Structures are given as C-alpha cells and as structure tokens.
Amino acid sequence: ATALAAQARVSQPRASQVLRRLHELELVQRTTEGRWSPRREALLDRFLAEYRGPDGSEQYLYSLDPPADVALRAARLSSARQLVVSADVGPDLLLAWRRPSVLILYATADIDPSELELVDAQGRHDANVIMRNPRDRSVFPVPALVAELRGVEVPLADPSQLIWDLQNLGGADRLEAAGMLREWLLNLP
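Bear in mind the structure is a predicted one, so any value in this text is a computation, not a measurement.

The rules we used
Residues numbered from 1 in each chain as written. Predicted model: local features only at pLDDT ≥ 70, side-chain atom pairs only at ≥ 80, totals over all residues. Heavy atoms only, no water. 1 Å grid on protein atoms, 1.4 Å probe; cavity = no way out; pocket = protein on both sides within 12 Å on 5 of 7 lines; lining within 4 Å. Points joined across faces, edges and corners; volume = space filled by probe spheres on them. Helix = DSSP H or I, 4+ residues; strand = E, 2+ residues; numbered from the N terminus. Nonpolar A, V, L, I, M, F, W, Y, C, P; charged D, E, K, R; others polar. pLDDT = per-residue confidence, 0-100.

A closer look at empty space enclosed by the protein
Counted according to the given criterion, the structure contains one cavity of 30 Å³ or more. Roughly 60 Å³ of internal volume is contained in the largest cavity. For the largest cavity, the full set of lining residues is D88, P91, D92, L95, W97, R98, L166, A177 and L181. Elements supplying a minimum of two residues to the lining of the largest cavity: α5 (89-94) and α7 (172-186). Taken together, the residues of the lining of the largest cavity break down into six nonpolar, no polar and three charged.

Spelled out as structure tokens, the structure:
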C-alpha cells in the first residue's frame, strides 16, 4: 500500500482504503505474505466494461498515406511533446494481426494536422486518423511503452486503452485483435 500510495501520489491511508474497496469487489487479493496482488483479468474486464472513454477533444482527419506512415511521422514529433499511438497501428506493432486502416493518436497538446500531412475529414465515417487530446491521462502509460517501426521507436498508448480503442472502433477483425491483445497483456510477467 505504501509503494502504491507513492506511485499514485496519495496518502498511505487513502491507498489502503482503496485497496480494501478493491478487495470487496474481488479485484485484488491478499497474498500469504500480507501483500496485495491484483486480479489482472478481473481488473481488465471491469475496466473494459465500465470505461466511457478518454473524454477531451477529438479531430477527424484523413491521409492518403497508410496509417503506419502517419504514426512514424507522429513518433518523430513525440520527442517535442507527449504523444502516443493507439488502434489500429499500436496493437499491430505489438501483435501483428490485421492490416491497420485507422490510426488513433493521443496528444497532450494540439497538433497542427499539416505537421503530419493530414487534412480535415468530414466526420468519423471518412476519417482514417483520429487525433484526441484526452482529459483522462491514463492513456499515457508509465513507464512508457514503445515499439519499433522501420527503425523508429513509436510510443504506444496504455495496453488497456489499445484494447478499448479496438473494441470501440468495432468490426469482427478488430474484436479478434482485441482478444489477442488481451491475452498478451494478461500473460505479461
């Protein structure tokens, strides 16, 4: 509880209070050493069932280039600002499952679409790039998660956000990819 409190920047009593509530919900359990252990599958399932999305602003954009190429351009910008890549490209970099057709970018500051060679789309239906400035900063993983694409490190959104974005975009192949990514995440050490 003390280490968790320090990481979450809350008091130790508050962390203990939250852990007790999570225990009541069967989302964490006590180990024989008296430590708390997460029930990862239950936590992930609860998150995916209840998360309403990252909130904040959203821009629908279009590129003639493949979404992975736009992700590479964005990765080059990421050293100057906090930016992460999500579905479809992010999950594909972790577990190649489907050809990416949409890119979701999360950034803490507005990005001029022309910096990424993007133009405005009429709406979500004709966009192949969705740029979000989220209120929920949990989309930015700590520690950072990166994958390599053509020799460039591409910063990725939190794995649970990658799964949520795949499910939110919809389609049988994306749901299948989300399932594969879910298994990958649950099997991490």
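The discussion continues.
What to know about the confidence of the model for the chain
Of the residues in the chain, 99% reach a pLDDT of 70 or more, and the chain-wide mean stands at 94. The element-level mean pLDDT for the chain is lowest in helix α1 (residues 2-8), coming to 86, with strand β6 (residues 119-120) highest at 98.

Description of the layout of surface pockets
In this structure, the largest pocket encloses a volume near 1,100 Å³. Along the wall of the largest pocket there are 28 residues; nearest its centre are Q7, P38, L43, D158 and S160. Of all the secondary-structure elements, those providing two or more residues to the lining of the largest pocket are α1, α2 (12-24), β2 (36-38), α3 (40-50), α6 (159-169) and α7. Counting residues per element, the lining of the largest pocket draws most heavily on α3, at four residues. Split into classes, the residues belonging to the lining of the largest pocket amount to 21 nonpolar, five polar and two charged. Counted as a void, the second largest pocket has a volume near 150 Å³. Along its surface, the second largest pocket is lined by S78, Q82, L83, V84, F140, P141, A144, L145, V146, E153, P155 and L156. For the lining of the second largest pocket, the elements supplying multiple residues, two or more each, are β4 (83-88), β8 (145-149) and β9 (152-156). For the lining of the second largest pocket, the element with the highest residue contribution is β9, accounting for three residues.

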